[in-house]
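# Reading the structure
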Amino acid sequence: DIYVGVASNHSTLTGYFFKFSHDGYIQTGLFEEGVLVENLDPKKVIEVNGMDSTLLKVKINTNKKYF
């Protein structure tokens, strides 16, 4: 799995991330130690990480297999 975002604790995967799972799905939200604890809209995850959410041009469907 690949996590993209900013960790609040550098020794664990705790923070707001996009998680690209090995099974082809994407999860977005708040993770604690690599486990999704709060599902959030992708734009919110981008904004929490201090980036411009208007750069997200495609709606991410967490129920769709992407790869």
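Scroll up to find the structure.
These remarks concern the structure in this document. (Residues numbered from 1 in each chain as written. Predicted model: local features only at pLDDT ≥ 70, side-chain atom pairs only at ≥ 80, totals over all residues. Heavy atoms only, no water.)

## Quick look at the sheet that holds strand E4 (residues 35-39)
- Taking strand neighbours across the sheet as the criterion, the 4 strands line up as E1-E2-E3-E4 in an open arrangement whose pairing is antiparallel. Each edge of the open sheet is held by one strand with a lone partner, namely strand E1 (2-9) and E4. On average, each strand axis in the sheet is tilted by 35° relative to the strand beside it, whichever way the strands run.
- Two elements, strand E2 (residues 14-20) and strand E3 (residues 26-32), share 6 bridges in a ladder whose sense is antiparallel. In the strand pairing of E3, Tyr16 is matched with Leu30. (Pairing = 2+ DSSP bridges. Helix = DSSP H or I, 4+ residues; strand = E, 2+ residues; numbered from the N terminus. Axes fitted to C-alpha atoms, helices over the stretch in contact; angles between N-to-C directions.)

## What to know about the environment of Thr62
- Residue placement: Thr62 occurs in the segment after helix H1 (42-48).
- Overall, Thr62 belongs to the partly exposed group, its relative accessible area being 30%.
- C-alpha separation for the pair Thr62 and Ile26, spaced 36 residues apart in sequence, amounts to 5.4 Å.
- Excluding residues that lie within four positions of it along the chain, Thr62 makes contacts with Tyr25, Ile26, Gln27 and Thr28. (Buried < 20%, exposed > 50% of the residue type's maximum accessible area, 1.4 Å probe, protein only. Contact = heavy atoms within 4.5 Å.)

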